[in-house]
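# Close look at the chain arrangement
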Amino acid sequence: MLRALTIACVLALGGCAQPAAPAVECDDVGVRVVSVEPVERVEVWSDGDRLARRSFPGDSTEARLALPLPASEVEVRVWTGERHTLRCTRPADEPLVDVQLAAPAGQTLAPFPETGRVQFVAFEGADASYAVVLTAREPSAVTLRLGGERLRVDMTAPGQREVITRPLPSDRATEVVVEGPRAVRKATLTPWTVGAGQVGETLALTDLVFPTDAAGFVDVARPEGRVTLPGLGWTRLLAWAGLGTRGQDRELPWGWHAVTLRNAGEKPLDVAVASRVLEGDEPAEAFRPVVRDEDGGTGLVTALLRIPAGGEATAVVPLFVTAAVLPEGASEFTHELTVTPLGLSKPVLTRTQPLRVSRGSSWVAVGFALALMAACLGVGSALIGVPRWLRTWSTTDLTTIAVFATLGFVITAFTAVLSSGLAAVLGPFSMLVTGLLSDCLRSALLATLIVLLPRRGTATVFLLLGWLMGGVALGAFSPTDFVFVGSRIFWLELFLWIAGLTRGGAWRDGSPVSRFVRLAGGFAGASLLSMAGSLASQIVLFRLYYAAWFVLLMLALPGFLYDVLACLLATSFAASLREVQS
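Residues numbered from 1 in each chain as written. Predicted model: local features only at pLDDT ≥ 70, side-chain atom pairs only at ≥ 80, totals over all residues. Heavy atoms only, no water.

## What about the overall build of the protein chain?
The condition that has to hold: Runs of H or I in DSSP of at least four residues are treated as helices and runs of E of at least two as strands, each being numbered from the N terminus. Here the radius of gyration uses the C-alpha set of atoms, whereas the globule reference equals 2.2 Å times the residue count to the power 0.38. Exposure classes here rest on a 1.4 Å probe applied to the protein chains alone. A residue is buried below 20% of its type maximum, exposed above 50%, and partly exposed in between. Here, residues are in contact when the closest pair of their heavy atoms is within 4.5 Å. Accessible surface is estimated by sampling points in the Shrake-Rupley manner with a 1.4 Å probe; for residues, cover comes only from the protein chains shown. We score Asp and Glu as negative and Lys and Arg as positive, and we do not count His or the chain ends. By convention, the point assigned to a charge is CZ for Arg, NZ for Lys, CD for Glu and CG for Asp.
Secondary structure summary: the protein chain contains 10 helices and 25 strands in total. In terms of overall dimensions, the protein chain is more spread out than a globule: its C-alpha atoms have a radius of gyration of 39 Å, far above the 25 Å expected for 582 residues. Viewed in the frame of its principal axes, the protein chain has a C-alpha envelope of about 120 × 90 × 45 Å. When each of the 582 residues of the protein chain is scored for burial, the buried share is 42%. Contacts in the protein chain between residues at least 24 apart in sequence constitute 72% of all its contacts with a sequence separation of at least 6. A total accessible area of about 30700 Å² is found for the protein chain, and carbon and sulfur atoms account for 59% of it. When the 49 basic and 53 acidic side-chain charges of the protein chain are each reduced to a single mean position, those positions are 8 Å apart.

## Focus: the packing of helix α6 (residues 430–452) against helix α7 (residues 458–474)
The criterion, for reference: Only the stretch in contact is used when a helix axis is fitted, and all axes are lines through C-alpha atoms; the angle between N-to-C directions ranges over 0 to 180 degrees. It is the rotation of the near helix from the far one that decides the hand of a crossing: anticlockwise by less than a right angle makes it left-handed, clockwise makes it right-handed. Residue classes follow a fixed rule: Ala, Val, Leu, Ile, Met, Phe, Trp, Tyr, Cys and Pro count as nonpolar, while Asp, Glu, Lys and Arg count as charged, and any other residue, Gly among them, counts as polar.
Following both chains from N to C, one finds α6 and α7 inclined at 145°, their axes separated by 10 Å at the closest point. Handedness of the crossing formed by α6 with α7: right-handed. Taking contact as the criterion, the partners of Arg442, Leu446, Leu449 and Ile450 in α6 are, on α7, Thr458, Ala459 and Phe462. Looking at the contact of α6 with α7 residue by residue, the class counts come to five nonpolar, one polar and one charged.

## Some thoughts on unusual backbone geometry
Of note, the amide linkage connecting Phe210 to Pro211 takes the cis form, showing an omega dihedral of -5°. The topology assignment puts Pro211 in strand β17 (residues 203–212). Backbone geometry at Asp47 places phi at a positive 55°, although glycine is not the residue there. Relative to the elements of secondary structure, Asp47 occurs in the loop between β3 (41–46) and β4 (49–55).

## With respect to the packing of aromatic side chains
In plain terms, the rule: The aromatic pairing rule takes the rings of Phe, Tyr and Trp, using the six-membered ring of Trp, and pairs them if the centres are within 6.5 Å, calling planes under 30 degrees apart stacked, those over 60 edge-to-face and the rest tilted. Only when the NZ atom of a Lys or the CZ atom of an Arg is both within 6 Å of the ring centre and within 35 degrees of the ring normal do we say a charge sits over the ring.
Taken as a whole, this structure holds eight aromatic pairs when the rule is applied. Their ring planes at 35° and their centres at 6.0 Å tell us that Phe210 and Trp254 sit as a pair that is tilted. A residue pair is termed long-range when its members are at least 10 positions apart, and Phe210 in strand β17 and Trp254 in the loop between α3 (232–241) and β19 (255–263) qualify at 44 residues. Measuring from ring centre to ring centre gives 5.4 Å for Tyr546 and Phe550, while their planes differ by 35°; the resulting arrangement is tilted. Given a relative accessible area of 27%, Tyr546 falls into the partly exposed group. Given the relative accessible area of 7%, Phe550 is considered buried. Taken together, the ring pairs in this structure connect Tyr546, Trp549 and Phe550 into an aromatic cluster. In this structure, Arg77 is placed above the aromatic ring of Trp45, and the distance from its NZ or CZ to the ring centre is 4.1 Å. In this structure, Arg455 packs its charged tip against the face of Trp393, placed 5.1 Å from the ring centre.

## With respect to the state of the cysteines
Heads up, the condition is: A pair of sulfur atoms, both from cysteines and within 2.5 Å, is called a disulfide here.
Scanning the model with the defined rule gives one disulfide in all. Free cysteine Cys567: the closest other cysteine sulfur is in Cys440, separated by 9.0 Å. Here Cys567 falls in the buried class, since its relative accessible area comes to 0%.

Below you can see the structure in the form of structure tokens.
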């Protein structure tokens, strides 16, 4: 009991203790704060002026502000639920100017080396340069000794940045000395001389992936090697409605190329990876970079890369797309990739490959939307009408429809077997041959059935029976049947009613020409719209791409002409059956 009471008292006293104040540290990078409680905000003040302010959302207990600090003491105000005022001073021996070096110029800047020696790859007979970048922490003067040249640079304000470039000899070492108020730094730039032809033998392109994200990982939401864009109409509709899932800023790339290079040599290489898209032999206007709006007409986008000796490295190069310039449909361009070591004027590696662009058609979007609406109406009318028709129609009429539907299924099954062989020979054109047998004969059967039973619902029951037999016997059931079968029912029933074929049988006593015109108008009109909706649905649901001439061919032959021929056959055949029926 006494022990438990002692523990409770200790815990109570601990709970009443104030949390420790944050700790602050000033260094050559800026200010670092470490706290037991989460840091909400940090401000840095000097002589009544605020130098920096930053908020830190979340539960971080460590905060850093990167900024050049003056030599005097600074005040650091930290909020961790309550305000703490702390003070610190930057170490006195820190230089007043930050120095960075790039040798050769063009590669990523690195801090001035502490070892005093920098080795770089130089190419025989090629000109190169190096760059020294100075950034002031406080006003001061810096003296540079670059080879045999002496140069004084006055840094008049904190944050001032100066870039000095000089030629970089490939046949001798170059000494760079930076003399500041508090430190003197020296570096010797030593060349590794390499023949230009030798680089082409040691450098290899091992992988090229497109599209990727900005980190070089494959973009699984997009097809490989292809630029896919929505139709112009759809894009404008999303822009008008303020909808969409991807940024539309013109300075955002559509995607990235991930270029992996291997260096089999004994020395690291700095290279420039340049990418552009060509239309013929000229840069494609739709793929010109827009970040700077000026590329000299070359269309080039460039990334710098250092490849370690005996290793690999990956450069990620953006691809910009001006969607408004690209037409709807499919098109193909050429993507050109070049790799040029820094110091050489000509690339040592060049890779070209096709870049395919697929832009959705606004007409396809409209056609698919109409097909969906027609499918809903067709399926709805079937669900309402079929139970009533089965109760009210005579057994003779139902048997007649079943016989015709069975004949249609036999024709469908036969052409399905035939099409497997024709597809190997004719490819996509095989449907024109099989359609002449399948679509034409089935439409002739249905037209004959309409002549015998001219009432609404006859076509619906015929189509549903054929669909059920095909699904059971051939395993052809699919979720997309809702669209294809439902829209076919709607358009067929609508056009048969408009043509007067299902509003009574008086038209059957007219002349053969008038009967043919009515049948052709009803069946060909319905078939044309059904085929258009079917093609649009296939493009959207199955991600297919049809050439414009192929779409027109399908609409003209299976979509219209085959049904006209079917009605021509059915006109005389149906008249003979009516005589037998009477």
